[in-house]
Amino acid sequence: MNFVKPILFFSALIFTAACQAQSHNYMGCDWTIPSGFSQKAEHEYSNSVDASNLENWQPASVMFTTYAGPQQEYCRNLAASEDTDVLLLEHSAQPTYNFKYVSSFVRQESVGIPFTVAELSIIKDDKMLVISGLTKADAIALTSGCAEFSQVEQHYEVLQQVKNGYKDFLNSAHGMRVLVP
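Residues numbered from 1 in each chain as written. Predicted model: local features only at pLDDT ≥ 70, side-chain atom pairs only at ≥ 80, totals over all residues. Heavy atoms only, no water.

**Description of the nonpolar core**
- By size, the foremost hydrophobic cluster in this structure holds 35 residues, and its most contacted members are Trp 31, Val 62, Phe 105, Ile 122, Leu 129 and Leu 134.
- Per-element tally for this core: the top contributor is helix H4 (residues 149-161), with four residues.
- Setting aside chain neighbours within four positions, we find Phe 105 in contact with Asp 85, Val 86, Leu 87, Leu 89, Thr 116, Val 117, Ala 118, His 155, Val 158, Leu 159, Val 162 and Tyr 166.
- In this structure, Leu 88, Val 106, Ile 123 and Val 130 belong to the second largest nonpolar core, which totals ten residues. (Core = buried A, V, L, I, M, F, W, Y, C linked by side-chain atoms within 4.5 Å. Buried < 20%, exposed > 50% of the residue type's maximum accessible area, 1.4 Å probe, protein only. Helix = DSSP H or I, 4+ residues; strand = E, 2+ residues; numbered from the N terminus. Contact = heavy atoms within 4.5 Å.)

Printed below as a string of structure tokens:
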């Protein structure tokens, strides 16, 4: 019965988000854009700056774009910088899934403060949805009814594991295909 509360919570969250947000049809699916996001270009949405809570505000974006192939070379070039660590992972998905899932984590240090930029790419044929900076709840609401819940959840689980570095994650039995490093 412990699993009922989280299911009810996420159901209420998804329902609330669906009532307040717009949707974007792409890759044969209606993706629910989180409330508080505005359209910046034809296929791009981002959250607005929260001037009242600037210290805790994080930029977040949703971009619908074309898929130009794997990003290994780009990620290797990023990783060449001595203050940047990059982790690029391909999720293990069932053959019956409609989408391919790739997570990237770029960890840098700025003025002595480490930060991580995490992106989840959901790919189908030559199209791709890139989610960056969204909360887990917003990402689940965005992808509900389209993407596999377990794949979105796995991205956020990995994000928690790699906040302080990639070594422990890479030495674990994570079940994902490591593309970079």
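More follows now that the structure is in view.
**Thoughts on the pattern of salt bridges**
- Considering all chains together, one arrives at three salt bridges under this definition.
- Overlapping salt bridges bring together Glu 90, Lys 100 and Arg 177 as one network. (Salt bridge = Lys/Arg side-chain N within 4 Å of Asp/Glu carboxyl O.)

**As for the environment of Gln 154**
- Topologically, Gln 154 is positioned in helix H4.
- Given the relative accessible area of 18%, Gln 154 is considered buried.
- Sequence spacing of Gln 154 and Met 176 is 22 residues, and the spatial spacing of their C-alpha atoms is 9.8 Å.
- Those residues in contact with Gln 154 that lie beyond four places of it in its chain are His 91, His 174 and Met 176.

**Some words on the state of the cysteines**
- Applying the stated criterion across every chain, the model contains one disulfide.
- What pairs with Cys 29 in a disulfide is Cys 146, and their sulfur atoms sit 1.7 Å apart. Note on the Cys 29 and Cys 146 pair: the S-S dihedral is about -95 degrees, so by sign convention the disulfide is left-handed. Residue Cys 29 is found in strand S2 (residues 29-32), and its partner Cys 146 is found in the loop between helix H3 (136-143) and H4; the two are separated by 117 residues along the sequence. Of the two residues examined, Cys 29 and Cys 146, each falls in the buried class. (Disulfide = S-S within 2.5 Å.)

**A closer look at the environment of Ser 132**
- Locating Ser 132 in the fold gives a position in strand S9 (residues 127-132).
- On a C-alpha basis, the gap between Ser 132 and Ser 61 in space is 5.3 Å, while along the polypeptide they are 71 residues apart.
- Here Ser 132 is in contact with Pro 59, Ala 60, Ser 61, Val 117, Ala 118 and Glu 119, once residues within four sequence places are set aside.

**Focus on the sheet that holds strand S4 (residues 44-47)**
- With antiparallel pairing, eight strands are arranged side by side in an open sheet as S3-S4-S5-S9-S8-S7-S6-S10. Of all the strands in the sheet, the pair left with one neighbour each is strand S3 (37-41) and strand S10 (177-180). The sheet shows a mean angle of 25 degrees between the axes of neighbouring strands, direction not considered.
- Where strand S5 (residues 61-66) and S9 come together, six bridges link them in antiparallel fashion. By the bridge assignment, Phe 64 is partnered in S9 with Leu 129. (Pairing = 2+ DSSP bridges. Axes fitted to C-alpha atoms, helices over the stretch in contact; angles between N-to-C directions.)

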